[in-house]
Amino acid sequence: MGGNGKHRWIFSFYQRSNSSSSPKKSKTQPPHEFLCPISGSLMFDPVVIPSGQSFDRISIQVCRDLGFTPTLQDGSTPDFSTIIPNLAIKTTILAWCRDHHAQDPAPPDYSSVEKIVLSKIQEQTPSRLTSGPDIRVSERELLKAVAENPPVLFSHAVTEIGSSVNGRLLCSTSTSSSSDESVIVTASSPYTPLPLSTRPACFSGSGSSSSSTEITLSEAPNLKSQSSSSLEEQELVLKLKSSDIFEQETGLVLLRKITRTKEEARVSLCSPRLLSALRSLITSRYSVVQTNAIASLVNLSLEKSNKVVIVRSGFVPLLIDALKAGSSEAQEHAAGALFSLALEDENKMAIGVLGALQPLLHALRSVSERTQHDSALALYHLSLIQSNRVKLVKLGAVLTLLSMVKSGDSASRVLLVLCNLAACPEGKSAMLDANAVAILVGMLRESELVCKATRENCVAALFALSHGSMRFKGLAKEARAVEVLREVEERGSERAKDKAKRILQMMRDRKEDEDDEIDWEAALESGGLSRTRNRVGKDDFAANSTDF
């Protein structure tokens, strides 16, 4: 009896000691990498962004909805344009909770996370600047960086991109417009230093869309009387968030008019509140509302400082959906917005990752010339980076683009994309396999049927294919390219002459290298080759006979 009681006492003491130690384990603080940098809570649905940092999905969603990019403790600003589920860290968090007798993380409440993000917005928003609107620290840094490192050179455009595109798109020229700009790409694409527009074809400095309701500032006296841009923004946000469709349309047309005619208003109106209201209207089932919402976004995207902000606010997937299934006019503006956003180097990879390449390729065959125009230029700028070039090759873009070149559909701009694809090994191989050399030489041979820009781009594409390719010379010889290139060298433009001269020089250099090798024809005629072969055969036989 006593022994049993002693054992029972020891067992009960062991149980009490174990039970008292369990709560201590549950109070162990989780590792820092398990906590969301925004909410500070254990992550329920962790996702990873391109920089490698992990956040709770709901925190990123709230930041997107509010159009806010937080500044983290290390001073960096995360890129929320692309998120991927982080299953590895989620499994690790659950295992840690199990090992430490802690409760699994619960789904966070949207409103509680929203309060945290709003408090961060207030912390990161400096006092009101003398210019009027509030500008966040991250935006000021972006503006400063853009001013210090402009990636493109601007000049007045020669080709008018206005309310209409006359005739064939690849040859249409008109009087210059002071509101339009052009860019010469030099560093990123050495094969195509050609002038390109930086304004979408759907943008017009005057007039409005046929589906837009004409509203002048006199019809909105409250807005006209306000001198502060913040009050102007507040009035617009109220209209855009109204449940009345007509009120939404009125606000959108007014926003579209203001951002079209007032360049200084584009920066001040590209605020988190207005972008959040605009984002919800792009998904509207009312065609007029959706069209004017995307058109307003195009106008906002014209300012360089707004491009990154718009992409990080989650507009790219909405624009892709509109390009796929929107009305004809909505597709025009969606292609224009993607083109405008793709001008910014920081946006190129995000737009490609989010799936814009395939819809843009499809839009090249749209019945709308504006959609064709802006889709082609969007693809050109997106294909300036290697990751998007590889994606386009895998999507079968080479065959699609070459068939458009043969048919003459937007040939000049399509050739620009092909020039970029030829600059990467995957694209060059696909183009050579698809008989691109013969197609391009054939275009040059029929030079009287194509315009100057198309001829220049054909030569630029051939130059890109010839660079570092051993197959090019044989294919060029089959296509009788030498005589065509000599004609371009004599009569072409300065750009075309230079590239044609370099291609011909490269082909001559390779011919001289081949001439230094054995003259097989002379060897056959003299019989030296047969004697050599006989001698080699005897030596081989003698060597083999020693093995027996």
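Looking up the chain in an unreviewed UniProt entry gives the name RING-type E3 ubiquitin transferase, with the organism given as Gossypium arboreum. For the record of the chain, the UniProt heading Pathway (unreviewed entry) holds the text "Protein modification; protein ubiquitination."

Before going further, it helps to spend a moment on the pattern of salt bridges. Counted according to the given criterion, the structure contains 12 salt bridges. Where Asp 45 meets Arg 57, a salt bridge forms, and the shortest distance between an N and an O atom there is 2.7 Å. Here Asp 45, found in the loop between α1 (2-26) and β1 (46-48), pairs with Arg 57, found in helix α2 (residues 57-66); they are 12 residues apart in sequence, far enough to count as distant. According to the relative accessible area criterion, Asp 45 is partly exposed, its value standing at 22%. The partly exposed category is assigned to Arg 57, whose relative accessible area is 32%. The salt bridge involving Arg 312 is made with Glu 346; its shortest N-O contact spans 2.5 Å. Of this pair, Arg 312 sits in helix α12 (residues 304-312) while Glu 346 sits in helix α15 (residues 345-353); the two residues are 34 residues apart in sequence, bridging distant segments of the chain.

Let us look at the environment of Met 349. As for its placement among the helices and strands, Met 349 is situated in helix α15. Residues Met 349 and Ser 81, spaced 268 residues apart in sequence, show a C-alpha to C-alpha distance of 9.7 Å. In contact with Met 349, other than residues within four places in its own chain, are Ile 385, Ser 387 and Asn 388.

What follows deals with the environment of Asp 345. Take Asp 345: it is sitting in helix α15. For the pair formed by Asp 345 and His 381, sequence separation is 36 residues and the distance between their alpha carbons is 8.6 Å. Only 2.8 Å separates the side chain of Asp 345 from the side chain of Lys 348, close enough to count as a polar contact.

With that settled, consider unusual backbone geometry. Phi is positive for His 101, which is not a glycine, with a value near 55 degrees. Structurally, the position occupied by His 101 is in the loop between α3 (87-99) and α4 (110-124).

Interaxial distance between helix α13 (residues 316-325) and helix α14 (residues 328-342) falls to 8 Å at its minimum, and their mutual angle equals 145 degrees. For the crossing formed where α13 meets α14, the hand is left-handed. On α14, the residues that touch Val 316, Leu 319, Ala 322, Leu 323, Lys 324 and Ala 325 of α13 are Gln 331, Ala 334, Ala 335, Ala 337, Leu 338 and Leu 341. Residues that form the contact of α13 with α14 fall into these classes: 10 nonpolar, 1 polar and 1 charged.

Glancing now at the UniProt feature "repeat: ARM" (unreviewed entry) in the chain. The UniProt entry lists residues 314-351 under the feature "repeat: ARM" (unreviewed entry), expressed in the numbering used here. For the annotated span residues 314-351, helix accounts for 84% and strand for 0% of the residues, and the straight-line distance between the end C-alpha atoms is 11 Å.

Looking at the element boundaries, Glu 332 is found in helix α14. Leave out the neighbours within four places in its chain, and Glu 332 touches Cys 202, Ser 368, Arg 370, Thr 371 and Asp 374.

The rules behind the values
Residues numbered from 1 in each chain as written. Predicted model: local features only at pLDDT ≥ 70, side-chain atom pairs only at ≥ 80, totals over all residues. Heavy atoms only, no water. UniProt positions renumbered as here; feature names shortened; annotations may be inferred. Salt bridge = Lys/Arg side-chain N within 4 Å of Asp/Glu carboxyl O. Helix = DSSP H or I, 4+ residues; strand = E, 2+ residues; numbered from the N terminus. Buried < 20%, exposed > 50% of the residue type's maximum accessible area, 1.4 Å probe, protein only. Contact = heavy atoms within 4.5 Å. Polar contact = N/O pair within 3.5 Å; in protein donor to acceptor, adjacent residues only side chain to side chain. Axes fitted to C-alpha atoms, helices over the stretch in contact; angles between N-to-C directions. Left-handed = near helix turned anticlockwise from the far one by under 90°. Nonpolar A, V, L, I, M, F, W, Y, C, P; charged D, E, K, R; others polar.

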